[in-house]
Structure formats: structure tokens, C-alpha cells
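These are the residues of each chain, in order.
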Amino acid sequence: GEDVEQSLFLSVREGDSSVINCTYTDSSSTYLYWYKQEPGAGLQLLTYIFSNMDMKQDQRLTVLLNKKDKHLSLRIADTQTGDSAIYFCAEGRSGSARQLTFGSGTQLTVLP
Amino acid sequence: DAGVIQSPRHEVTEMGQEVTLRCKPISGHNSLFWYRQTMMRGLELLIYFNNNVPIDDSGMPEDRFSAKMPNASFSTLKIQPSEPRDSAVYFCASSRGQGTGELFFGEGSRLTVL
């Protein structure tokens, strides 16, 4: 079945760049997503990328997709303390939400 | 626009009691999902509905769990009887069910079973 894997923890200094990595197994994925979960809150979609793209940039966020290696990354430039949260990678097929598979989440801690 | 609304936000109950969690999806969304989040198991999909019909309940842990969606604007997740291992945060999410497939999550219901 589908599987999405992420490292559990990442710590960075404020102002540095953060890179959160994810690998997935389903080669038929059509969308890949990054969700952010702040303490005590639900998940919110940060960004997504179509599987036929290899990069997407949105302000401080850069998503890189290596479809051959089934590797997705999220880079946050100039990381701020407000970026401290859990980041979930997810993959889906055919643009249908019911096919989403989530990773375990990466806890990002931004140190002052 | 209101987002996905869940209630209660927090529930503390004793083992053996019935627990009912409620969800109001975003108006116009036709897919609704119930997830459970724990430290040990991460985010697990319990069940999802499309147009009020349960499509896949393979994630429901056991018969003690049941979910209903009597209409497009309301769903419940019931646990009867509850057990301490059911302690978790339960999320409801809704989606248009097409397009980018974005899920909109509620704030969650934190359940503690003593």
C-alpha cells in the first residue's frame, strides 16, 4: 500500500533555512501536499505541487519534487519562531481528497 | 466563511462511558473525514463519507466505534464503551472531493478516557 515517511524532528536557528524531507511510495500520486499543524490546532494546507512539476515557490516556501526518487522537500527560508510546528507531507491521487496518505509529521523547532 | 466546526473541544470521561463527537463540515463540501491523532500512531484515517454515504470505514478500530452522517451539514463519531486507549485528538475534515483535494481540518476534539 501507499506509504509516506518523514523524519520526526528538526531544529534550526532563527533566520536559517529549514529543509523538511519526505519520501513516498505511490508512483501514481498526482498531488503532493505540505500541511502545517500548530499546537492545539488542526492541520492547515501550506502548499501543494502537481506531480508533473519539479519545483514550486511561494514566498518563503520552496517545494522540490524528485519524482524518480519519490522524494519531496519543503524549504522554509529565513525561518521564524512562528514557523515552529509539525509539518505533514501527504500524497494523493487524481485530485481526490479521499486518496490522501499522510506522513507521520516532522516537528520543527526554531531556536532563537 | 466558517471553517469545519467540531465539538466538544475537550472531553474527559471514564472508561465504559459513551462518547459522542460532533462535526459540521464546510458548506458545499461533499466529502467528510474522521481522523485520530496520537503520539504513537500519528494521524490515522478512521472513516470517510462522500455525499453523506460512508465509503471506507476500514480504519475504524473496532465495533465500539461508529460514525454517522445524517445530512450534509452534520456528522457524529461515537465510541461506546470508551476505553483509555481511545484517548487521542479526533479531527474532522471536509473537502470538495475534487480539484486539488485539499482537506480542511477542524480544531479537533481532545478525548481523555480515565
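Note that the structure is a prediction, hence the values are computed from the model and not measured.

Chemist: Whenever I open this one, the overall build of chain A confuses me. Can you help?
Modeler: Assigned secondary structure in chain A consists of 0 helices and 11 strands. Tracing chain A from N to C terminus, the helices and strands come up as β-β-β-β-β-β-β-β-β-β-β. Its C-alpha atoms put chain A at 40 × 30 × 20 Å along the principal axes. Of the contacts formed within chain A by residues at least 6 apart in sequence, a portion of 56% connects residues at least 24 apart. Total accessible area on chain A stands at roughly 5400 Å², and carbon and sulfur atoms take up 47% of it.

Chemist: What's the story with the packing of aromatic side chains in this structure? I'm lost.
Modeler: A ring pair, where both rings are aromatic, is described by two values, the distance of the centres and the angle of the planes. If you walk through the whole model with that rule in mind, you get 15 aromatic pairs over all chains. Consider the rings of A:Tyr48 and A:Phe50, whose centres lie 5.7 Å apart with planes at 85°: the pair is edge-to-face. Residue A:Phe50 is classed as partly exposed on the basis of its relative accessible area, which comes to 32%. Following the ring pairs from residue to residue traces out a cluster consisting of A:Tyr31, A:Tyr33, A:Tyr35, A:Tyr48, A:Phe50, A:Phe88, A:Phe102, B:Phe33, B:Tyr35, B:Tyr48, B:Phe91 and B:Phe105. Residue placement shows A:Lys56 over the ring face of A:Tyr48; its charged tip is 4.1 Å from the ring centre.

Chemist: I would appreciate a short explanation of the pattern of salt bridges in the present structure.
Modeler: It is possible for side chains bearing opposite charge to pair when their charged atoms get close. Residues and elements named next belong to chain B. Tallied over the full model, the rule gives 11 salt bridges over all chains. Notably, a salt bridge pairs Arg 64 with Glu 62, separated by 2.9 Å at the nearest N-O pair. Of the residues examined, Arg 64 reaches a relative accessible area of 10% and is grouped as buried. Of the charged contacts, one joins Glu 83 and Arg 85 as a salt bridge, the two residues approaching to 2.6 Å between their closest N and O atoms. Residue Arg 85 is classed as exposed on the basis of its relative accessible area of 54%. Linked by salt bridges that have partners in common, Glu 62, Arg 64, Glu 83, Arg 85 and Asp 86 make up one network.

Chemist: For this particular structure, what's the right way to read the interface of chain B and chain A?
Modeler: Often, the extent of an interface is quoted as the loss of accessible area upon association of its parts. Opposite the 19 residues of chain B that make contact, chain A presents 17 residues. Each partner contributes to the roughly 1500 Å² buried at the junction of chain B and chain A, and carbon and sulfur atoms together form 56% of this total. Summed over the shared surface of chain B and chain A, the number is 0 salt bridges. Taken together, the connections running from chain B to chain A amount to 3 residue pairs in polar contact (both at pLDDT 80 or more). Elements represented by at least two residues in the side of chain B that touches chain A include exactly strand 4 (31-38), strand 5 (42-50) and strand 9 (88-95) of chain B. Split into classes, the residues belonging to the side of chain B that touches chain A amount to 7 nonpolar, 9 polar and 3 charged.

Chemist: Whenever I open this one, the nonpolar core confuses me. Can you help?
Modeler: Soluble globular proteins tend to bury their nonpolar side chains together. Core analysis: the biggest nonpolar cluster contains 21 residues, and B:Trp34, B:Leu77 and B:Tyr90 have the highest contact counts within it. Within the residue set of this core, elements represented by two or more residues are strand 3 (19-24), strand 4, strand 5, strand 7 (65-71), strand 8 (74-79), strand 9 and strand 11 (109-113) of chain B. Of all hydrophobic cores here, the second largest spans 19 residues; its members include A:Ile76, A:Cys89, A:Leu108 and A:Val110.

Chemist: Whenever I open this one, the sheet that holds strand 3 of chain B confuses me. Can you help?
Modeler: Within a sheet, neighbouring strands are paired by backbone hydrogen bonds and run either parallel or antiparallel to one another. All names here are of chain B. Judged by pairing direction, the sheet is antiparallel, and its 4 strands sit side by side in the order 1-3-8-7 without closing on themselves. At either end of the open sheet lies a strand with only one pairing partner, and these are strand 1 (5-7) and strand 7. Averaged over all pairs of adjacent strands, the angle between their axes in this sheet comes to 15°, without regard to strand direction. The pairing of strand 1 with strand 3 spans 3 bridges and is classified as antiparallel. Within the sheet, the bridge partner assigned to Ser 7 lies in strand 3 and is Arg 22.

Chemist: What am I meant to see in the pairing of strand 9 of chain B here?
Modeler: Look at any regular strand and the pattern is simple: side chains alternate between the two faces of the sheet. All names here are of chain B. Within strand 9, 8 of the 8 residues are buried, leaving the element largely enclosed by the surrounding structure. Here strand 9 shows no split at all, with Ala 88, Tyr 90, Cys 92 and Ser 94 on one side and Val 89, Phe 91, Ala 93 and Ser 95 on the other all buried. Bridging between strand 4 and strand 9 involves 7 bridges; their strand directions are antiparallel. Bridged to Phe 33 within strand 9 is Ala 93. One ladder, built from 3 bridges, connects strand 9 with strand 11; its direction is antiparallel.

Rules of the game
- Residues numbered from 1 in each chain as written.
- Chains lettered and ligands numbered in written order.
- Predicted model: local features only at pLDDT ≥ 70, side-chain atom pairs only at ≥ 80, totals over all residues.
- Heavy atoms only, no water.
- Helix = DSSP H or I, 4+ residues; strand = E, 2+ residues; numbered from the N terminus.
- Contact = heavy atoms within 4.5 Å.
- Areas by Shrake-Rupley, 256 points an atom, 1.4 Å probe, with all protein chains shown as cover.
- Phe/Tyr/Trp six-rings, centres within 6.5 Å; stacked < 30°, edge-to-face > 60°.
- Buried < 20%, exposed > 50% of the residue type's maximum accessible area, 1.4 Å probe, protein only.
- Lys NZ or Arg CZ within 6 Å of the ring centre and 35° of its normal.
- Salt bridge = Lys/Arg side-chain N within 4 Å of Asp/Glu carboxyl O.
- Buried area = accessible area lost by both parts, 1.4 Å probe.
- Polar contact = N/O pair within 3.5 Å; in protein donor to acceptor, adjacent residues only side chain to side chain.
- Nonpolar A, V, L, I, M, F, W, Y, C, P; charged D, E, K, R; others polar.
- Core = buried A, V, L, I, M, F, W, Y, C linked by side-chain atoms within 4.5 Å.
- Pairing = 2+ DSSP bridges.
- Axes fitted to C-alpha atoms, helices over the stretch in contact; angles between N-to-C directions.

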